[in-house]
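Here are the chains, one letter per residue:
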Amino acid sequence: MADAKVIPFDDDRSRARRRPGGRADGEAAAVRTLPGPQQGPQEPEGGQEGSAPGTAGEAPGADAGAGGETGAEAEARAAAGGWERRLAGGLAFLRRRVTGDYEVDEFGYDEELTDQVLMSLLRPLYEKYFRVEVKGVENIPAEGGALIVANHSGTLPLDGLMMQVAVHDHHPAGRHLRLLAADLVFVLPVVNELARKAGHTLACAEDAERLLRSGEIVGVMPEGFKGIGKPFGERYKLQRFGRGGFVSTALRAGVPIVPCSIVGAEEIYPMLGNAKTLARVLGFPYFPLTPTFPWLGPLGALPLPTKWTIQFGEPIPTDSYAPEAAEDPMLMFNLTDQVREQIQHTLYKLLVQRRSVFF
């Protein structure tokens, strides 16, 4: 398979591809415009130019006998055209993958693969299994960089992936979320490559700042393994947010911080215990013991179908601070505490509002 073209991160052409309407020719347009053909054959029915006012009351199928097509025939033709477009788009996608005629940025992010394949694989889990409800997505800026800070939970990091789908599918400007991930993600085979293709990068200040200054939406979960691997009895109680490094990064880049609260992920794998010895042998930060895992084998790895809510809070601006503010430990502590308190307060509010863990 041929190598893809690597686009420098500060290249204007690279940024244009990430803006809605600025995609390269032949990239994902065939797939994204599938609903269009279904409306095409219906246009002549409603408002034909030059039709006499007196014909408005005629039955929709009045001219079917004169060589026109019925509504059912039009729908069938539109469906056939849709499948043809889908097939043509799929074949064009495969050709580009084989020939290497696609682009990735210097972090390895493959927008076309993410849009057409990875998001399509995650979407059924998002829409049908966890039935995610999204609130406040309009608080994410329509353009420019922003840092989304969220709570972390669930034993496995599915919450980050669901947050990525939420931004991708619901933001009015069609923005993409670039997640910062732990070192472990990039040493696991297969997972490493998929994470890079999906736009994830190492959770370090240099990479995060470069992404933010380039106008990207970056997601971080400061609790890290302390949050995702906490016991079930401590669910929805935020752990320590590190040393506030994410605040320093946002201050240096001059981008707003958007708090995000996720409810529902805590219950997908109720972690009742931690086999620490086994975790050390395997090199994992923890080895979860849940009601189903490892007792039921692979079946025990199936997450519980909980009902999720993801709420994006009011952004906290940072562009009013001087550049040297990033070196002020008291300011960093205050902003970190403000973000943490806002997330925790929203978590409690969402928990009071929800009717059930599963509905």
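Coordinates for the structure precede this section.
Residues numbered from 1 in each chain as written. Predicted model: local features only at pLDDT ≥ 70, side-chain atom pairs only at ≥ 80, totals over all residues. Heavy atoms only, no water.

Draft legend 1. Representation of the sheet that holds strand β5 (residues 177-181). The mixed open sheet is built from seven strands, whose spatial order is β3-β11-β8-β4-β7-β5-β6. The open sheet has two free edges, formed respectively by β3 (133-135) and β6 (201-202), since each of these has just one partner strand. One ladder, built from four bridges, connects strand β8 (residues 257-263) with strand β11 (residues 309-312); its direction is antiparallel. Residue pairing for β11: I262 is matched across the bridge by I310. (Pairing = 2+ DSSP bridges. Helix = DSSP H or I, 4+ residues; strand = E, 2+ residues; numbered from the N terminus.)

Draft legend 2. Quick peek at the pattern of salt bridges. Counted under the stated rule, the structure contains 13 salt bridges. Ionic pairing is found between D110 and K197, a salt bridge with its closest N-O pair at 3.9 Å. Taken together, the residues D110 in the loop between β2 (103-105) and α6 (111-129) and K197 in helix α8 (residues 191-197) connect sequence positions 87 residues apart. With respect to burial, D110 and K197 carry one shared label: buried. Across the salt bridge formed by E267 and R354, the nearest N and O atoms sit 2.8 Å from each other. Here the residue E267 occupies a position in the loop between β8 and β9 (273-274), and R354 occupies one in the segment after α13 (329-353), the gap between them amounting to 87 residues. (Salt bridge = Lys/Arg side-chain N within 4 Å of Asp/Glu carboxyl O. Buried < 20%, exposed > 50% of the residue type's maximum accessible area, 1.4 Å probe, protein only.)

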